[in-house]
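Descriptive structure summary
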Amino acid sequence: SARHCPWKMNQLPPKSPVASPVSESTNSRVEALDNLSMDSFWLEVENIKQSAEAEQEECSLADVKTQEEGEAEAEWLQDAGLSELLGDPASDKDNLVLLSTLTKTQAAAVQRRLDTYSRSRRRKNKHPVRDVRDIFGVASSEDTAAEKEESSPDPLWHNLRTSNTQRKTQDYSCTVRNPGKEEVFNMDVAYSEQAAVLLKGSFLSESRKLKDGNALIRFKIPKGRLGVTRIGDLSAQDMKKIPTLALIELTALCDILGFELKRNKAAKLKTTEKRLFGVPLNTLLENDQKLLPNTKVPLLLQALLSCLEKRGLETEGILRVSGSQTRIKSLEQKLERDFYSGLFRWDEVHQNDVSGLLKRFIRELPAPLLTAEYLPAFAAVQNIPDLKQRLQALNLLVLILPEPNRNTLKALLEFLSKVVARENNNKMNLWNVSTVMAPNLFMHKGLPNKIPEGKEKQLAEGAADVVRMMIHYQDLLWTVSSFLVAQVRKLNESNSKRYQFCDKRIKNLLRKIHADKDKVEKNQGEPSKIVKVHASLLLKDSLEVHLNNATRVADVLRQFQKNLCQNGWNIVNTVNLLKCNNSVECTNLLLYEVGGNIGEHCLDPDTYLLDLYHINPHAEWIIKQNPSYPRMF
């Protein structure tokens, strides 16, 4: 029934010849899940099919065009902020600053796409505006370079193919290096660089098969001297740079692992007269923000989740047991009519019908919640043999998502975690929830059917496994890697200098990228420093802080709290600052880094401030109140 359902699952096949070990790893992991029932998945697929058959007019397939050679690379370069390399005269030359921040593997990924784009242009007898070897400083004529490129792949890709071919007999199954123990999840070094190092050494030589398909490893993000940055800690201005950097890094990681990162071309969204169901997320949020400014998650989804949290978490089989399709359709019509007027009576709705409305809302989005462009990449994560690298890819994909999609997905995953936490009562464990939600996230009426014959079971279990990882590891996935934050700082520093780039400077810039070892500038700052911390929204006075190698953000906030209570500072705003006993609640205060090479950055309490000062000496530090939102909206 899955093959004939109007909603289609998408997957990303691995490159040949490395397809053999990857598919073997996927099969080994999927076989380990055989004891976990997939009945819920196929029942959900059948429910979706019946719902679609009842509304044939609303379930027509959207046409997705196949991209020509070079078109995907050109689109990738534009999305990566490098349209200037395509010879676009209207693009901002400051985008070339991005090249100065790239690691060796990231630069190789960019060069590979430029090579492919240049070859496609030559085949069409169109001369590219800028030759790729002029960009990357390789001394070779256009014809010689093209002939060399077509006859012999670049060294990094050649080594990858050779290495993987030699390792076909090795164990590529899902791995646990330290079973039963907490593993380190390194976010200081680019994931692609970590993968390249593993590739040079004995890849997975100490690995063991994961025999318990339901076991999940615990990962810990080690806090460096600069702490950990979560999504939401950076300003909107800096977060706009993250998707571009994450796309380049994801592409570099896939290149190292031997996966081709293909993306669907975004289809045009059909207009609808509805106000809630089948409406694009951006349109929903624009309408909701007119009623409630700063809304980040659609109000309807908030209401659905709130209703289920209040009365549905204890319901046995919640999400799995389907409500009446007739009632759900009737409720949808009532919501369209009465939701914004506040006349809809949530207390009269059965919880299974509410869960049906929730899943229907997700399915009816004109574009998948995981986006049409990157849904194949999310589905392809299941093909990566190593769990840590699967999570690295998922982390980057979450960062690439548009903000409305990312915030909506986070709200959904937080709710699903609450369902799992009550499994003793509702009988819905992590795998049950994952199998029910996977069809609603990975099957969409607007995407073409790409399921190979006989692969339905493998792809279904893989999709459910991806959903399971997103639910279980969501705190990790919603973290901005330290290496990406460092790249944002470099971008801001370079943009502030406003270089006028010329071809010679670009060549010199990119030669440095290909150096054997990246040169890391170490600021030999003084061992201590006296700085001022401002709290203009709370106080008229500033706090003078003596920094040493042991001073953390938490120490400064405690010092601020102590001085505020003991010294009788002139408080400007006491709303929500003082507790009933007239003492300041330290957890209600946050320290922000503002300016310099960052827009605004909410600091981890464990950040060592002298280290941060050396990295960004021109920033101001400002204490603000914690918004204390229970969710991201």
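Each chain has its residues counted from 1, running along the sequence as written. Since the coordinates come from a predicted model, pLDDT governs what is reported: local features require at least 70, and pairs of side-chain atoms require 80 or more to be given and counted, while whole-chain, interface and lining totals use all residues. Note: side-chain values were computed over all heavy atoms of the structure, leaving out hydrogens and water.

Under an unreviewed UniProt entry, the protein has the name RHG40 protein and belongs to Gymnorhina tibicen.

1. Some points on the overall build of the protein
Helix and strand definitions here come from DSSP, where helices need a minimum of 4 consecutive H or I residues and strands a minimum of 2 consecutive E residues; each element is numbered from the N-terminal end. Within the protein, the secondary structure is distributed over 25 helices and eleven strands. Relative accessibility thresholds used throughout: buried, under 20% of the residue-type maximum; exposed, over 50%; partly exposed, between the two (1.4 Å probe, protein chains only). Buried positions account for 54% of the 633 residues belonging to the protein. Pairs at least 24 apart in sequence give 82% of the contacts found in the protein among residues at least 6 apart. For the protein, the exposed surface amounts to about 29,500 Å²; the carbon and sulfur share of it is 48%. Residue contacts are counted whenever heavy atoms from the two residues lie within 4.5 Å of one another. Surface accessibility follows the Shrake-Rupley procedure with a 1.4 Å probe radius. Residue values consider only the protein chains on display as shielding.

2. Things to note about helix α16 (residues 387-400)
An expected span of 1.5 Å times one less than the residue number is assigned to each helix. The end-to-end C-alpha distance of α16, which contains 14 residues, comes to 20 Å, matching closely the 20 Å that a straight helix rising 1.5 Å per residue would cover. Of all 14 residues that make up α16, 14 are buried, and the element is covered over most of its length. Here a polar contact is taken to be a pair of N or O atoms separated by no more than 3.5 Å, where protein atoms must pair a possible hydrogen donor with a possible acceptor and residues adjacent in sequence count only if both atoms sit in side chains. Residue Asp-386 occupies the N-cap position of α16, its side-chain oxygen lying 3.3 Å from the main-chain nitrogen of Lys-388.

3. Looking at the pairing of strand β7 (residues 529-534)
Strand pairing requires that DSSP identify at least two bridges connecting the strands. With five bridges connecting them, β7 and strand β8 (residues 543-547) associate as antiparallel partners. Of the residues in β8, the one forming a bridge with Lys-529 is Leu-547. One ladder, built from two bridges, connects β7 with strand β11 (residues 620-625); its direction is parallel. Across the sheet, the residue bridging to His-534 is Ile-622, located in β11.

4. With respect to the packing of helix α11 (residues 281-291) against helix α17 (residues 403-421)
Here α11 crosses α17 at 85°, and the two axes come no closer than 9 Å. Relative to α17, α11 is oriented roughly perpendicular. The residues of α17 that touch α11, namely those facing Leu-281, Asn-282 and Leu-285, are Pro-404, Asn-405 and Thr-408. Its residues placed into classes, the contact of α11 with α17 shows three nonpolar, three polar and no charged. Axis angles are defined between N-to-C directions and span 0 to 180 degrees, where every axis is a line fitted to C-alpha atoms and, for a helix, only to the segment in contact. In what follows, roughly perpendicular refers to angles from 65 to 115 degrees, roughly parallel to angles under 35, roughly antiparallel to angles over 145, and oblique to any angle outside these ranges. Residue polarity follows a fixed list, in which Ala, Val, Leu, Ile, Met, Phe, Trp, Tyr, Cys and Pro are nonpolar, Asp, Glu, Lys and Arg are charged, and the others, Gly among them, are polar.

5. A look at the sheet that holds β8
Strand order in this open sheet of five strands is β8-β7-β11-β9-β10, and the pairing throughout is mixed. The sheet is open, and its two borders are formed by β8 and β10 (598-602), each paired with just one other strand. Direction aside, the axes of adjacent strands within the sheet are offset by 30° on average.

6. Some details on the pattern of salt bridges
Any carboxyl oxygen of Asp or Glu that lies within 4 Å of a side-chain nitrogen of Lys or Arg is treated as forming a salt bridge with it. This model, assessed by the stated rule, comprises 24 salt bridges. In this structure, the salt-bridge partner of Lys-223 is Asp-606, at a minimum N-O distance of 2.9 Å. Pair noted here: Lys-223 is in the loop between β3 (218-220) and β4 (229-230) and Asp-606 is in the loop between β10 and α25 (609-615), with a separation of 383 residues, a long-range link. By relative accessible area, which is 44% here, Lys-223 ends up partly exposed. One salt-bridge network, held together by shared partners, links Lys-223, Arg-552, Asp-555, Arg-558, Asp-604 and Asp-606.

7. What about the packing of aromatic side chains?
Centres within 6.5 Å make a pair out of two Phe, Tyr or Trp rings, where for Trp the six-membered ring is used; the pair is then stacked when the planes are under 30 degrees apart, edge-to-face when over 60, and tilted otherwise. Summed over all chains, the structure comprises eight aromatic pairs. Centre to centre, the rings of Phe-219 and Tyr-473 are 5.8 Å apart; their planes meet at 55°, and the pair counts as tilted. One end of the pair, Phe-219, is in strand β3; the other, Tyr-473, is in the loop between α20 (456-472) and α21 (474-477), and 254 residues separate them in sequence. Judged by relative accessible area, which is 13%, Phe-219 ranks as buried. Take Tyr-473: its relative accessible area is 5%, and that puts it in the buried class. Following the ring pairs from residue to residue traces out a cluster consisting of Phe-185, Tyr-191, Phe-219, Tyr-473 and Phe-483. One residue, Arg-113, lies across the ring of Trp-76, its end atom 5.7 Å from the ring centre. Remark: a charge is flagged as sitting over a ring if the NZ atom of Lys or the CZ atom of Arg is within 6 Å of the ring centre and within 35 degrees of the ring normal. The side chain of Arg-225 reaches across the aromatic face of Tyr-608, ending 3.8 Å from its centre.

8. Re the environment of Gly-278
Structurally, the position occupied by Gly-278 is in the loop between α10 (242-257) and α11. Take Gly-278: its relative accessible area is 14%, and that puts it in the buried class.

9. What to know about the nonpolar core
Only buried residues count toward a nonpolar core. Its members are Ala, Val, Leu, Ile, Met, Phe, Trp, Tyr and Cys residues joined through side-chain atoms within 4.5 Å. In this structure, Leu-319, Leu-391, Phe-442 and Met-470 are the most contacted members of the largest nonpolar core, which totals 130 residues. For this core, the element with the most residues is α10, which contributes ten residues. Residue-level mapping places this core at the junction of two domains, with at least three residues from each of domain 1 (68-123 + 181-201 + 215-261) and domain 2 (273-480). Here Leu-319 is in contact with Glu-44, Ser-355, Leu-358, Lys-359, Phe-415, Leu-416, Val-419, Met-428, Val-433, Val-436 and Met-437, once residues within four sequence places are set aside. In terms of nonpolar packing, the next biggest core, distinct from the first, is built from 21 residues, Leu-543, Leu-547, Val-553 and Leu-609 among them. Each domain's extent was defined by an automatic or database domain assignment.

10. Considering the side chain of Asp-233
Within the secondary structure layout, Asp-233 lies in the loop between β4 and α9 (236-239). For Asp-233, which is buried and forms no salt bridge, the nearest opposite charge comes from Arg-230, at a distance of 5.8 Å. Polar side-chain contacts of Asp-233 include one of 2.8 Å to the backbone nitrogen of Arg-230. Look past the residues within four positions of Asp-233 in its chain and what remains in contact with it is Val-228, Glu-600, His-601 and Cys-602. None of His or the chain ends enter the tally, which takes Lys and Arg as positive and Asp and Glu as negative.

11. Concerning unusual backbone geometry
Of note, Asn-294 is a non-glycine position whose phi angle comes to about 70°, a positive value. With respect to the helices, strands and loops of the structure, Asn-294 is situated in the loop between α11 and α12 (299-311). Overall, the relative accessible area of 68% leaves Asn-294 in the exposed class. Its identity as a non-glycine residue notwithstanding, Leu-319 has a phi of 80°, on the positive side. Topologically, Leu-319 is positioned in the loop between α12 and α13 (325-338).

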